[in-house]
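For reference, the chains in residue letters:
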Amino acid sequence: MCALCTQNAQRLYNLTGFWQQGRGSSEKSFRRDFPLLIRIKTLNSYLSATGLGFVAALGGYSCWRFSLLPDLTSLLPLSRPSNLTTLDASVAGAAMAGYSVALSLTVNRLGLSRSWHYIAVSIVLLVSMYCVAAQFFGVDVLLTPLLFTAGLSLLLAQVNRLWSLDRQFAHTLLSSPSNGSDTSSAANARLMSGLKLLNTVLPVNEAVVFHCVDSDSLEAVARFKGPAPNTQDPRRNSVWREGIQLCQAAAAKGELVSQTEGPNSSSIAVPLRHEGETAGVLLVRLASEFSVDDTPLLEAIGSQFARNLKRDSFSKHPPGIQRFSYFSQTGNKRKLDALNVLKALTVEQRCEARTLAHIEDGIAIAYLDGTLALVNPSILLFAGLNSDKAVELDLFGLLHRFRTDVFDEPEIAVRRVLQTGVAYEGELNFEHKNQILNLRISLLRERQREPIGIAVYVKDLTAQKEYEKLKSDMISLMSHELRTPLTSINGFAELLTQDQTLPPQAREFVSIIANESQRMSRMINTFLSVTQLERKDKQEVLKIPLRLDEVVRDTIASLQPVAKKKRIRLIEQPAHRIPPVAADRSLIMQAVKNLVNNAIKYSPERTTVTVSTALEAETVRVCVEDRGYGIPAEAKERVWDKFYRVVREGQEKDEESTGLGLSFVREVVEQHGGQVELDSEEGRGSKFSFTLPRL
Ligand code: ADP
């Protein structure tokens, strides 16, 4: 196993849970657990090696029987007795078969390069055996036929191994580019779009892309005609011929060739080169003189065309029989085409990767061994690194630069992402730098299936947070400032309502002023309590053990008169053994009150509102269910937002409605580490619920 593979396997090993171990010991145990070479041989490969051994033996035996082999023993520095007894044919055949099969199996298992010393030892033994048998026993052990059989067996075994490798190679290679969506029509469409692009930068009269079919013939594969091509031009044919000659010259030289035909006309032939090979020629006829300054642009567009031509030629040729491609010229040419397409894709992917450099958010992509494949300048800036340092960095090295008290063990976050496939998301507050970043680590999958990498995404939230804080500070300030004059308005208005000397209409106006100012101050108070909660840390809320079923009972009792007014049946569904939760009694009480109040407010008369409490695994759920108007699907997410109110046809504007009740509920519940939920169907009723962690 090469050093690089060991290093990569080691990284993956670390990623999947061995990170915490000491480096030295994990290295040793890694080497102990994984032998350096794992050989995977199938029964099929052994059977085919045995078969080939027999074929070689048959070849050697036939050549010996028909005396087709030269006598190699005369080359040995040894006097050869004249009356040697030859081995019996069946013994000779068995010896050849045994030797040949043994060599074939050895090569199949170890490969030729690692089995040469066994082969050499067997030949030395064979020659020694021949010498001893001939000198002392007067027997010819058939050295030449055995050596010939051995050679044939080695040749067949090696060709078989190479062929099998080639089959794998052809399969992998030919299936890779076809995975893309690049069919012939798509490749052609790309050529046409490239020609249109060329027309936007140069005054093109006509442009033709030629494909080099063989070394000396050109085939037109795409053509673009400028705004007013003169089809009646008598010189058209000769211009076309000249153009072809220009293309041939460009293809032969491998360089751009231009020809000026007048102040308003010139022709240019650009060789379309990919990986040092000319794939075609682009012929452009301009409605102006050609300027050499345009050469780099034409060459760059030309290399893109070359890639498209390679793709076009690959997609046009039928796949053929991959099994025998090792022995066929067409098969090997096709593999070359596939390789060219893959190289073209790599170049194009480099272009995609470069776009990351222009993105303000930080992005890094790592392979599943932790190696960083891509890091854009923004993420380096957030990590406080320069590009030289980035070369030495791996995924963990990068993530450690973002460690804070909420993201203190990047390894755990990465492991969770790898194990569950669910992205990690966290808000990181770097107080010393006065910076707030949003960090997201997610798994990249190939076509929604197997994971292929990890993406790290960092967004700077500092400005947005500052803006939000400023906005909320301003609104709170204004609300506070409004409270004092409102109290005076309300106080004086109420005083005036008691004044019997006022005419009745004036008294009515004054009481409207009193009611409206009261509503306004209620609205301001709710708003201030929501914003206050938003600013609080979870720890700041005063929590004591609280029984939610008792809270529900008290709330129901206090709201019974309101329900009765609308002839609504407000009932509690009895619950058994509800454990307490840690919560602020007045906040939770207010939240339940808001939900029950809404259920009464948004239900028609003579319906039922049910409030229940239930224990779920680790949480206690409070649920308020009504048979009221329900909430339209599109408003379900938004009802929790501040000031959001559902507009219903035929329902007059409710004076009590502020659009703040549910946002208060959500804020309170989230401050207590719980979650809110809504299930509703328009016209049938709603089910608002929240959970709080049990004690
Ligand atoms: P409001 O003060 O307007 O009731 P909320 O934040 O409590 O403010 O509610 C937001 C909107 O959600 C309301 O305008 C109302 O239309 C809708 N809503 C709340 N609860 C219910 C319910 N139980 N049934 C139907 N609609 C509801």
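Just so you know, these numbers come straight off a predicted model, no measurement behind them.

J.: For helix α4 (residues 89-110), give the residues involved together with the corresponding values.
T.: One full turn of an α-helix is made of 3.6 residues, so residues set three or four places apart face in the same direction. In this model, α4 (22 residues) spans 32 Å end to end at C-alpha, consistent with the 32 Å of a helix rising 1.5 Å per residue. Turning to α4, its buried residues number three or more, namely Ala92, Met96, Ala97, Tyr99, Ser100, Val101, Leu103, Ser104, Val107, Asn108 and Leu110. Remark: Gly111 follows α4 within two positions and exhibits a positive phi of approximately 90 degrees.

J.: Could you give me a rundown of the sheet that holds strand β12 (residues 451-460), with the residues and numbers involved?
T.: One open sheet accounts for 5 strands, arranged β9-β8-β12-β11-β10; its pairing is antiparallel. Sheet topology places β9 (372-375) and β10 (424-430) at the edges, where each strand pairs with a single neighbour. Between one strand and the next, the sheet's axes are offset by a mean angle of 15 degrees, whatever the strand orientation.

J.: Please provide a residue-by-residue account of unusual backbone geometry, values included.
T.: In this model, Asn434 sits at a positive phi of 55 degrees, which is unusual for a non-glycine residue. Look at Asn434 and you get exposed, because its relative accessible area is 56%. Non-glycine residue Arg606 carries a positive phi angle of around 60 degrees. Take Arg606: it is sitting in the loop between α18 (585-601) and β16 (608-616).

J.: For the pattern of salt bridges, give the residues involved together with the corresponding values.
T.: The full count for this structure, using the stated rule, is 19 salt bridges. The partner of Glu616 in a salt bridge is Arg621, with the nearest N and O atoms 2.7 Å apart. Among the residues examined, Glu616 registers a relative accessible area of 31% and is labelled partly exposed. On the basis of relative accessible area, Arg621 is assigned to the buried category, the value being 16%.

J.: If you had to explain the packing of helix α16 (residues 504-535) against helix α19 (residues 661-671) to someone new, which residues and values would you point to?
T.: It is at 10 Å that the axes of α16 and α19 come closest, and there the two elements cross at 25 degrees. Comparing their axes, α19 and α16 come out roughly parallel. Crossing of α16 over α19 shows left-handed handedness. Residues Ser529, Val530, Leu533 and Glu534 of α16 form the contact with α19, whose participating residues are Ser663, Phe664, Glu667, Val668 and Gln671. Per-class residue counts for the contact of α16 with α19 are 4 nonpolar, 3 polar and 2 charged.

J.: Got a sec to walk through the packing of α4 against helix α5 (residues 112-137)? Specific residues and values, please.
T.: The N-to-C vectors of α4 and α5 enclose an angle of 160 degrees; their axes lie 8 Å apart at closest approach. Between α4 and α5, the angle is such that the two are roughly antiparallel. Where α4 crosses over α5, the two elements pack in a sense that is right-handed. Note on element contacts: α5 touches α4 through Leu112, Arg114, Ser115, Tyr118, Ile119, Ser122, Ile123 and Leu126, opposite Tyr99, Leu103, Thr106, Val107 and Leu110. Its residues assigned to classes, the contact of α4 with α5 shows 9 nonpolar, 3 polar and 1 charged.

J.: Give a description of the sheet that holds strand β6 (residues 265-274) that names residues and reports values.
T.: Taking strand neighbours across the sheet as the criterion, the 5 strands line up as β4-β3-β7-β6-β5 in an open arrangement whose pairing is antiparallel. Only two strands of the sheet have a single partner each, and these edge strands are β4 (218-225) and β5 (257-262). Each adjacent strand pair in this sheet contributes to an overall mean axis angle of 15 degrees, direction not counted. As paired elements, β5 and β6 share 5 bridges and run antiparallel to each other. By the bridge assignment for β6, Thr260 is matched with Ser266. The strands that helix α9 (residues 295-316) touches are β3 (204-212), β4, β6 and β7 (277-286); relative to β6, the one it contacts most, it runs at about 55 degrees.

Cut-offs and rules
- Residues numbered from 1 in each chain as written.
- Predicted model: local features only at pLDDT ≥ 70, side-chain atom pairs only at ≥ 80, totals over all residues.
- Heavy atoms only, no water.
- Helix = DSSP H or I, 4+ residues; strand = E, 2+ residues; numbered from the N terminus.
- Expected span 1.5 Å × (residues − 1).
- Buried < 20%, exposed > 50% of the residue type's maximum accessible area, 1.4 Å probe, protein only.
- Pairing = 2+ DSSP bridges.
- Axes fitted to C-alpha atoms, helices over the stretch in contact; angles between N-to-C directions.
- Salt bridge = Lys/Arg side-chain N within 4 Å of Asp/Glu carboxyl O.
- Parallel < 35°, antiparallel > 145°, perpendicular 65-115°, else oblique.
- Left-handed = near helix turned anticlockwise from the far one by under 90°.
- Contact = heavy atoms within 4.5 Å.
- Nonpolar A, V, L, I, M, F, W, Y, C, P; charged D, E, K, R; others polar.

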